[in-house]
Amino acid sequence: MGTVLTVAGSLALGIVGLALLLLCVPWVVLIVAATTPSRKLNVELRPFARGFPARLRFDALSGERFGGEKSPMDVTKPDEPSATKATSGLGLRDCRGVSRMLHAAPRLLKGLLSVFRIERLHVKGTAGLADPADTGQLFGAILPLTYILPTRRFSIDLQPDFNGPSLDCEVDASIRVHPIRIIPPALRFGWQVFVRPT
């Protein structure tokens, strides 16, 4: 019995140690995505640096273009109940909990910004919304970035399409993630919302 407990304890400590190690290691997420000529999404996860030999790779491919016919894998979801029905049963206590979460959310988001750092981002293509006026507003917000960002690491080259909803673009991004940095803002958020609500 003692041997079994020793082995179980060793396994538990090993799992905890491995989890802590994975949290402490910085990870680089490499993303290559495109909507034309066919949709694709390639994601690579590497520890420490982009050139590190060990990696995890995920490939998602589809021959359908944006706005084309639905894939056989697409399933039509049943109509979901309206928000009024879903929230009609919320009591005063639940509303206070939501209010505390909303109050603490900005600080949580600010803390999470330190978790991610964009090392490379290149976007090129065309995009449009159903309403040409909305397309114009969208590109009015994007246009300053096209002049601010152009470097070897960052560039956004998107052209407006006023003919209707469309998205034909290519994205190449590299993001460095420090998982261990998630813990302090998450603990502060939990403390403010559940332990010591202000």
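Thresholds applied
- Residues numbered from 1 in each chain as written.
- Predicted model: local features only at pLDDT ≥ 70, side-chain atom pairs only at ≥ 80, totals over all residues.
- Heavy atoms only, no water.
- Helix = DSSP H or I, 4+ residues; strand = E, 2+ residues; numbered from the N terminus.
- Expected span 1.5 Å × (residues − 1).
- Bend = angle between axes of the 7 residues up to and from the residue.
- Contact = heavy atoms within 4.5 Å.
- Polar contact = N/O pair within 3.5 Å; in protein donor to acceptor, adjacent residues only side chain to side chain.
- Core = buried A, V, L, I, M, F, W, Y, C linked by side-chain atoms within 4.5 Å.
- Buried < 20%, exposed > 50% of the residue type's maximum accessible area, 1.4 Å probe, protein only.
- Salt bridge = Lys/Arg side-chain N within 4 Å of Asp/Glu carboxyl O.

(A) Highlighting helix α4 (residues 132–148). Relative to the 24 Å expected for 17 residues at 1.5 Å per residue, α4 spans 25 Å between its end C-alpha atoms, a close match to the ideal helical length. The sharpest bend along α4 reaches about 30° and sits at A141, with the proline P144 one to four residues further on. Where the residues of α4 are buried, they touch β4 (116–128) and β5 (154–160). Its side-chain oxygen placed 2.9 Å from the backbone nitrogen of A133, D131 serves as the N-cap of α4.

(B) Molecular detail of the nonpolar core. Counting seven residues, the largest nonpolar core is built from V123, A127, F139, I142, I156, L158 and C169. Elements with a minimum of two residues in this core: β4, α4 and β5. Not counting the four nearest positions on each side in its chain, I142 is found in contact with I156 and L158.

(C) Looking closely at the pattern of salt bridges. With the rule as written, the count across this model stands at four salt bridges. With a closest N to O distance of 2.7 Å, E119 and R176 form a salt bridge. Here E119, found in strand β4, pairs with R176, found in strand β6 (residues 166–177); they are 57 residues apart in sequence, far enough to count as distant. Here E119 matches R176 in class, with each residue buried. The closest approach of N and O atoms between D172 and R120, which form a salt bridge, is 2.9 Å. One end of the pair, D172, is in strand β6; the other, R120, is in strand β4, with 52 residues separating them in the sequence. Given the relative accessible area of 18%, R120 is considered buried. Within the structure, one salt-bridge network assembled from shared partners comprises R117, E119 and R176.

(D) Structural view of the environment of S166. Structurally, S166 can be placed in strand β6. As a C-alpha pair, S166 and A127 span 39 residues in sequence and 5.3 Å in three-dimensional space.

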